Amino acid sequence: MKIFITGGAGFIGSHLCEELYYKIPNSKLLILDKITYAANLKFISHLVKDKKRVKFIRADIIDSFKYKKQINNFDIAINVAAESHVDRSFNNSILFTKTNTLGAHIFFQTCLEQKVKKIIQVSTDEVYGEKLNGSFNEQNHLNPTNPYSASKAAAEIIIKSYKYHFKSNILIVRGNNIYGKRQFPEKLIPSSITKLLKNKPIEIHGSGKHVRCYLSAKDFSRAICMLLKKNKTGVFNIGNNKYYKNIEIAETICKKFGKDKKKFINFIKDRPFNDRRYSINIKKIKKIGWQPQDSLMNDLNEIIKWYKNNIKLFKI
């Protein structure tokens, strides 16, 4: 099985590459990554050593001429490449549209031209917008509320518009907030950890009462791998049903470090718009046998240890 993965040296991408490499033993991986601030070749160095099964291309997803011929007749292409930090998207929205929307469109069109058999677009639960009560299912309308989620929703609309014109196998996955090792310290969990490692206070937007679900990068990768093996198409939510307020996450991490939360948590100005609660229904993927195995609270000690040992990988 020949698999093409964009954004494969990033946080989520590197975990997915590992899952595909180890769980599909006969697979051959072609990994593409631009290596922006959030990616690192060291995340996949142990895979790239296997030159018989893994090849790496350093390139922008937009530069299709650098990978076009190499993916001819591939079995699977997975687009993980993305700009993903909401705060950055308010200040540099054009970059997000360029990578997340135009990049996804070019990726998809190139895959069609090269007769790739199955195409997977990694999206986000944020395309639904906030949900104060209940949960969104895969049939609900998209209502993005920031430039990041808008760029991901736009990519989905473009890709889904092909379903009648081309008889391609298209799969779109929408995940919760993903946590784990290797995540650049701009999201809440790694940012909180690295700030405390430097004896600096954690910064929390607004009141800190915004609610999120957290899914491990490993669970997310396991889900995609299962969907591949079962040859599923369409749209699948991939998530967890354990909810935490941002302030709860910050206070827990402070406790892990033995820090006084009153001294080491600072409340800062909120985003221009900050969704109060995200929630997705995961009944559809559970019906085919998947469910989350990991727990954020159980994994935090190991994640903190990883950042203590690898903080130098990030230029912060």
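What comes next concerns the included structure. (Residues numbered from 1 in each chain as written. Predicted model: local features only at pLDDT ≥ 70, side-chain atom pairs only at ≥ 80, totals over all residues. Heavy atoms only, no water.)

**Some words on the packing of aromatic side chains**
Per the stated rule, a full pass over the model turns up 13 aromatic pairs. Taking the centre distance of 5.7 Å and the plane angle of 80° together, the rings of F184 and F314 count as edge-to-face. In this pair, F184 sits in the loop between strand 7 (177–179) and helix 6 (188–197) while F314 sits in the segment after helix 11 (296–310), placing the two residues 130 residues apart along the sequence. As far as the burial class goes, F184 and F314 line up, both buried. Here a set of aromatic residues connected by ring pairs shows up, and it is made of Y37, F43, F184, W306, Y307 and F314. Here the basic side chain of R53 rests over the ring of Y21, its NZ or CZ set 4.0 Å away from the ring centre. The ring of F136 is capped by K131, whose NZ or CZ atom sits 4.8 Å from the centre of that ring. (Phe/Tyr/Trp six-rings, centres within 6.5 Å; stacked < 30°, edge-to-face > 60°. Helix = DSSP H or I, 4+ residues; strand = E, 2+ residues; numbered from the N terminus. Buried < 20%, exposed > 50% of the residue type's maximum accessible area, 1.4 Å probe, protein only. Lys NZ or Arg CZ within 6 Å of the ring centre and 35° of its normal.)

**With respect to the side chain of E19**
As for its placement among the helices and strands, E19 is situated in helix 1 (residues 11–23). Relative accessible area serves as the criterion here: at 14%, E19 is assigned to the buried category. Residue contacts for E19: discarding those within four places in its chain leaves I24, S221, R222 and C225. (Contact = heavy atoms within 4.5 Å.)

**A few points about the side chain of N100**
Among the structural elements, N100 can be located in helix 4 (residues 93–113). The class of N100 is buried, set by a relative accessible area of 1%. Here the side chain of N100 touches E83 through a polar contact of 2.8 Å, landing on its backbone oxygen. Residue contacts for N100: discarding those within four places in its chain leaves A82, E83, Y148, S151, K152 and A155. (Polar contact = N/O pair within 3.5 Å; in protein donor to acceptor, adjacent residues only side chain to side chain.)

**Section: the environment of I280**
With respect to the element layout, I280 can be found in the loop between strand 12 (265–268) and helix 10 (283–286). Sequence separation between I280 and N237 is 43 residues; the distance between their C-alpha atoms is 6.7 Å. Contacts of I280, omitting those with residues within four sequence positions, involve D125, Y128, S135, F136, R174, G175, N176, N237, I238 and G239.

**With respect to the sheet that holds strand 9 (residues 211–216)**
Taken in spatial order, the 3 strands make up an open sheet running 7-9-11, and their pairing is mixed. Each end of this open sheet is capped by a strand with a single partner; those strands are strand 7 and strand 11 (243–245). Pairwise comparison of adjacent strand axes, ignoring direction, gives a mean angle of 50° for this sheet. In this sheet, strand 11 lies alongside strand 9 in antiparallel orientation, the contact comprising 3 bridges. Bridge pairing in strand 11 places R212 opposite Y244. This element, helix 11, spans strand 7, strand 9 and strand 11 of the sheet and lies at about 45° to strand 7. (Pairing = 2+ DSSP bridges. Axes fitted to C-alpha atoms, helices over the stretch in contact; angles between N-to-C directions.)

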